[in-house]
There are 2 protein chains.
Amino acid sequence: MSVYVVGHKNPDTDSVTSAIAYAELKKATGTDAVAVMQGELNPETRMVLDKFGFSAPEIMTDATGKQVILVDHSDIAQAPDNLDKGEVVEIIDHHKIGDVTTNNPIFFCAKPVGCTGTVLKQLYEINNVAIPEKVAGLMLCAIISDTVLFKSPTTTDADKAACEELAKIAGVSDMQALAMEMFKAKSAVDGVPAKDLIFRDYKDFDMNGNKVGCGQLELVDLSLVENIRDDLYNAMKEVKEEGGRHTVLLMLTDIMKEGTDLMVVSDDPSYVEKAYNVKVDGQSVWVDGMMSRKKQTIPPLQEAFGC
Amino acid sequence: MSVYVVGHKNPDTDSVTSAIAYAELKKATGTDAVAVMQGELNPETRMVLDKFGFSAPEIMTDATGKQVILVDHSDIAQAPDNLDKGEVVEIIDHHKIGDVTTNNPIFFCAKPVGCTGTVLKQLYEINNVAIPEKVAGLMLCAIISDTVLFKSPTTTDADKAACEELAKIAGVSDMQALAMEMFKAKSAVDGVPAKDLIFRDYKDFDMNGNKVGCGQLELVDLSLVENIRDDLYNAMKEVKEEGGRHTVLLMLTDIMKEGTDLMVVSDDPSYVEKAYNVKVDGQSVWVDGMMSRKKQTIPPLQEAFGC
């Protein structure tokens, strides 16, 4: 019986490539393992698989009757459905320890590093298995993705060291260029309707009785949206009117410059100005260092609204 | 602030020695770690610490405000009290995955081997830290204890290999002799009143309206109780009469020969004879392979009683 190696729901590059890379390691050490995933590939992951010559893993969303190895998560809610009707036989992760329990002793290896790919790099070493060139490419991309090329505060020296070695194995001479290629794939906006871009990653909040919406686009370069700024702004106005919203924000986050050009449509922009100590002049305002909606954008605005 | 390394409640040799051995490894890699335990030493563990020149770790039963590393368990019920008011910063184990969760990524290393000592042996290697001679002695004893010198079905090749190397480091030339010394310490009966021995590890069961009691003594050699058999038998008769019991059993389990000399005091020994397909002739009967009260002694007897 095959063992299925699977990452979390809404798969990202680390989840998909770690399933592939760990299935390869299991096969190299004598276990019949198959990499699967729980949903469709995102544009970045698709680019990464294409680049190193892999096809998309099969989709598997139900663990009933199956032996599974969880990678990149240890939470029941993130795992395939009916996990209790299957059997978790291993867990490899780099997140906080979740609520998956087992009836038997298993191999559980979690480390506080920036990426599951970094843990896998070490497991290949411990098992004395050479990492195949193309698999090294996938693992490298996973670390670049999870650490935003070492810009994320979750980055550790182990992640950087792993990337150095993986780049050599994969024959990647310019890690920066690879990262840019990935980030560009991730920030693709061409041909997508403006309103879809607003709602790509969007949340509404109630702020002291006022409905405030906030979308975010993570971009490798703000020039990517230069030609559609007016379309976005007009779509934001529509979204504001349709939903009876007080304010609609769209974070155009420059992941390389580490800041956000914050587009604002509001009945009263003074709340936004107070929240981030800026002056909104025109469609948007640059807020240096703003990367996280959850941690940096919403709390000060809630405070400004007196929540 | 020190990090406290702690095994499970009712500490055994693996829990106590693993706390010591892992605290040593943490100190060797730059972390201020202190080994603690949650209760008094049992006779075997006391002998092991004495033999290799260690004093008993301090007792710590409350995790409030403390950073803790859990060894040999990952269950909240087995951990120090108020674990949610402290912080679990690492887990090293060889049991099924328990219900401890964390708010941050941590190092969690569990392996399906016979003993936490075996996992620690590998962690010393991965960290390129030489195991101190006396610490190697403790780790060796932990593996001998948990695997009953490789007789337990939980034993893996990794446990055997670890013991080979640890014995060399510790300067232990005769592992069998060390195991016997430990098992003798564990099976000490000298000077203990017969009734206390019956109740040392004892449970009552209701079998179809009949009260049936069963005690167990794990012994390295049945000769240890040769001179007190009559005392034990008379005490069993007392226990039977006092409690209005139908049957009282005392398992004299020979952990080396892997069987039990089953002492029987009963209104009707035919139930016992039927349960184990034996003939009770005198005070006791040998039942080959009987090691576990829970798995091997009680279920057939319940069946014989028509439960």
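Residues numbered from 1 in each chain as written. Chains lettered and ligands numbered in written order. Predicted model: local features only at pLDDT ≥ 70, side-chain atom pairs only at ≥ 80, totals over all residues. Heavy atoms only, no water.

## Examining the domain arrangement of chain A
When the parts of a complex come together, some accessible area is lost, and that lost area is often taken as the interface size. All names here are of chain A. Definition in use: All domain edges in this entry derive from an automatic or database-based domain assignment. Should any heavy atoms of two residues lie within 4.5 Å, those residues are counted as being in contact. Buried area is understood as the total, over both parts, of accessible area removed when two parts are fitted together, assessed with a 1.4 Å probe. Every case where a carboxyl oxygen of Asp or Glu lies within 4 Å of a side-chain nitrogen of Lys or Arg is listed as a salt bridge.
Split into domains, chain A comes out as domain 1 (3–186) and domain 2 (194–304). Between domain 1 and domain 2, the contact holds seven residues from the first and six residues from the second. For the pair domain 1 and domain 2, the summed buried surface comes to about 710 Å²; carbon and sulfur atoms form 67% of the total. Area buried by domain 1 at its contact with domain 2 is led by Lys151, Phe183 and Lys186, which between them contribute 66% of it. On inspection of domain 1 and its partner domain 2, the count reaches two salt bridges. The shortest N-O distance in the salt bridge between Lys151 and Glu258 comes to 3.4 Å.

## With respect to the packing of helix α4 (residues 133–147) of chain B against helix α5 (residues 157–170) of chain B
All names here are of chain B. Quick reminder of the rule: For helices, the fitted line uses only the C-alpha atoms of the stretch in contact; every axis is such a line through C-alpha atoms, and the angle between N-to-C directions lies from 0 to 180 degrees. Numbering of helices and strands runs from the N terminus, with a helix taken as a DSSP run of H or I at least four residues long and a strand as a DSSP run of E at least two residues long. The sense of a crossing depends on the near helix, which, turned anticlockwise from the far helix by less than a right angle, makes the crossing left-handed and, turned clockwise, makes it right-handed. When residues are sorted by character, Ala, Val, Leu, Ile, Met, Phe, Trp, Tyr, Cys and Pro go into the nonpolar class, Asp, Glu, Lys and Arg into the charged class, and all the rest, Gly among them, into the polar class.
The interhelical angle for the contact between α4 and α5, taken along N-to-C directions, is 145°, at an axis separation of 8 Å. Pair α4 / α5 crosses with left-handed handedness. Side by side, α4 and α5 meet where Glu133, Ala136, Gly137, Met139, Leu140, Ile143 and Thr147 of the first sit next to Asp159, Ala162, Cys163, Leu166, Ala167, Ile169 and Ala170 of the second. When grouped by side-chain class, the residues that make up the contact of α4 with α5 number ten nonpolar, two polar and two charged.

## Points about the interface of chain B and chain A
We count it as follows: Within 3.5 Å is the distance limit for a polar contact, defined as a pair of N or O atoms, with the added protein rule that one can donate a hydrogen and the other accept it, and that residues adjacent in sequence qualify only through two side-chain atoms. A pair of strands is treated as paired once DSSP finds two or more bridges between them.
On the chain A side, the residues contacting the 20 residues of chain B number 20 residues. Summed over the three residues of chain B that lose the most area to chain A, namely Ile97, Pro105 and Phe108 of chain B, the buried surface amounts to 33% of that side. Across the chain B-chain A interface, the total number found is zero salt bridges. Where chain B meets chain A, there are four residue pairs in polar contact (both at pLDDT 80 or more). Examining the composition of the side of chain B that touches chain A, we find that four residues originate from one element, strand β6 (residues 107–110) of chain B, more than from any other. The sheet contact formed by strand β6 (residues 107–110) of chain A and β6 of chain B spans three bridges and is antiparallel. Bridging across to β6 of chain B, Ala110 of chain A finds its partner in Phe108 of chain B.

## Structural notes on the packing of helix α3 (residues 116–126) of chain A against helix α5 (residues 157–170) of chain A
Residue and element names in this part refer to chain A. The N-to-C vectors of α3 and α5 enclose an angle of 65°; their axes lie 9 Å apart at closest approach. Judged by the twist between their axes, the crossing of α3 over α5 is left-handed. In this structure, α3 uses Thr118, Lys121, Gln122 and Glu125 to contact α5, whose residues at the interface are Ala158, Asp159, Ala162, Glu165 and Leu166. Here the residues of the contact of α3 with α5 sort into three nonpolar, two polar and four charged.

## Some details on the relation of the copies chain B and chain A
The condition that has to hold: Each copy is superposed on the other by least squares, with the fit set by C-alpha atoms of residues at a pLDDT of at least 70 in both.
Once chain B is rotated about the relating axis by 180° and shifted along it by 0.3 Å, it coincides with chain A to within an RMSD of 0.3 Å. Both copies are brought into coincidence by an operation consistent with a two-fold rotation axis. Of the C-alpha atoms belonging to chain B, the one lying closest to the rotation axis is found on Cys109 of chain B, 2.4 Å away. A share of 100% of the interface residues of chain B reappears at the interface of chain A, consistent with the copies meeting face to face through the same patch.

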